[in-house]
Amino acid sequence: MLHRPGHEGLFRYYSTMVDVAMDHETGLVVLKVKAFAPGDAQHLNQQLLGLGEDLVNVLNARAEGKQVAEAERRVGAAEARVQKARAALGAYRNSEALIDPARQAQGALEVANRLVAEQASVQAQLDQMREATPRNPAIPALQERVAAIGRAIAAQNGRVTGTSGGIASKMAGYERLAQEQDFAAQNLNVANAALEQARVETLRQQYYLERVVDPALPDEPALPHRLKIVLTVLGASLCLYFVAWMFIVGILEHAPED
């Protein structure tokens, strides 16, 4: 029955023909290939170096793909969150007729404060006129002006507080959406920084295979050692000859004589 070598046998044979050693003094990896022809050895050496370079590139691409892809996925999620937050804030502004509630409320209060000052001035004028000329025909007009200013002050205050449609009642929803937008923008900045860091880290951790010396065509074979083989065969043959001779001599000495 013929023995058909499998992968283990092929690997053992490969280990006898290919030698990879690490030179700790120089930090170089030395690759030696044995073959039956100089051209075959050179070709196999070049092929093994090419396979090593391909393996290094695959490992680099795999490492880069995992880290950078995860960072890019986080950036995409952060961008989607920012867009969603902006759309929600814009829709809230349109539905509530708000641009910047803080500034709008501040403007309404400033108008109300000016009206209060104006009302105080007109009220002082009215009081002075009542004391000086109680029957002055301008008194009713001043009273109406004071009342009109009071209504205007109430209207400005009502824009800010006091009603369900006031700015204060809309402030909570606006601030919540604005905070979400700010947080989403900060998250996007962090994700972009992490993506850049992942790319830099990937470049720093990449493996490189640099050929110091390309495989050259051997000038003369290093193997087999012909003289050593000839002497070994000759010595083994002499040993077998003497063993056989002594065996034959022993047989002849003990053979019975006729």
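Above: the structure in question.
Residues numbered from 1 in each chain as written. Predicted model: local features only at pLDDT ≥ 70, side-chain atom pairs only at ≥ 80, totals over all residues. Heavy atoms only, no water.

If you had to explain the overall build of the chain to someone new, which residues and values would you point to?
Scanning the chain from terminus to terminus reveals 6 helices and 2 strands. If you list the helices and strands of the chain from N to C, you get α-β-β-α-α-α-α-α. For the chain, the proportion of its 258 residues judged to be buried stands at 19%. Taking contacts inside the chain between residues at least 6 apart in sequence as the whole, the part at least 24 apart equals 64%. Surface accessibility of the chain: about 19800 Å² in total, with carbon and sulfur atoms responsible for 60%. (Helix = DSSP H or I, 4+ residues; strand = E, 2+ residues; numbered from the N terminus. Buried < 20%, exposed > 50% of the residue type's maximum accessible area, 1.4 Å probe, protein only. Contact = heavy atoms within 4.5 Å. Areas by Shrake-Rupley, 256 points an atom, 1.4 Å probe, with all protein chains shown as cover.)

Describe in detail a nonpolar patch on the surface, supporting the description with residues and values.
Where nonpolar side chains cluster on the molecular surface, the patch consists of L227, L231, L234, L238, Y241, F242, W245 and M246 and spans about 910 Å² of accessible area. Of note, W245 is situated in helix α6 (residues 226–254). (Patch = residues over 30% accessible without salt bridge, like charges linked within 9 Å, V, L, I, M, F, W, Y side chains within 5 Å. Salt bridge = Lys/Arg side-chain N within 4 Å of Asp/Glu carboxyl O.)

Which residues make up the pattern of salt bridges, and what are the values?
Inspection of the entire model under this criterion finds 4 salt bridges. In this structure, the salt-bridge partner of R199 is E72, at a minimum N-O distance of 3.5 Å. Pair noted here: R199 is in helix α5 (residues 167–204) and E72 is in helix α2 (residues 38–96), with a separation of 127 residues, a long-range link. Given a relative accessible area of 39%, E72 falls into the partly exposed group. Each of E70, R73 and R74 takes part in one network of salt bridges that share partners.

Describe the environment of Y14, naming the residues involved and giving the relevant values.
Mapped onto the elements of the fold, Y14 is located in helix α1 (residues 7–17). Residue classification places Y14 among the partly exposed positions, given a relative accessible area of 38%. Separated by 19 residues in the primary sequence, Y14 and V33 have C-alpha atoms spaced 9.5 Å apart.

Run through the pairing of strand β1 (residues 18–23), naming residues and quoting values.
The side chains of a regular strand alternate between the sheet's two faces. Two elements, β1 and strand β2 (residues 28–33), share 6 bridges in a ladder whose sense is antiparallel. Paired with A21 across the two strands is V30, which belongs to β2. Linkage of β1 to β2, two consecutive antiparallel strands, is achieved through a turn of 4 residues, within which G27 is found at a positive phi near 75°. (Pairing = 2+ DSSP bridges.)

I'd like a description of the side chain of N45, backed by residues and values.
On the secondary structure map, N45 appears in helix α2. Here N45 falls in the buried class, since its relative accessible area comes to 12%. With residues near it in sequence (within four places) discarded, N45 still touches L31, V33 and P215.

Describe the nonpolar core, naming the residues involved and giving the relevant values.
Listed in full, the 10 residues of the largest apolar core are V68, A71, V75, A78, V82, A184, L188, A191, L195 and A198. Counting only elements with at least two residues in this core, the list comes to α2 and α5. When sequence neighbours within four positions are dropped, the list of residues in contact with A78 reads N187, L188 and A191. Among the nonpolar cores identified, the runner-up in size contains 9 residues, and L115, V122, M129 and I149 belong to it. (Core = buried A, V, L, I, M, F, W, Y, C linked by side-chain atoms within 4.5 Å.)

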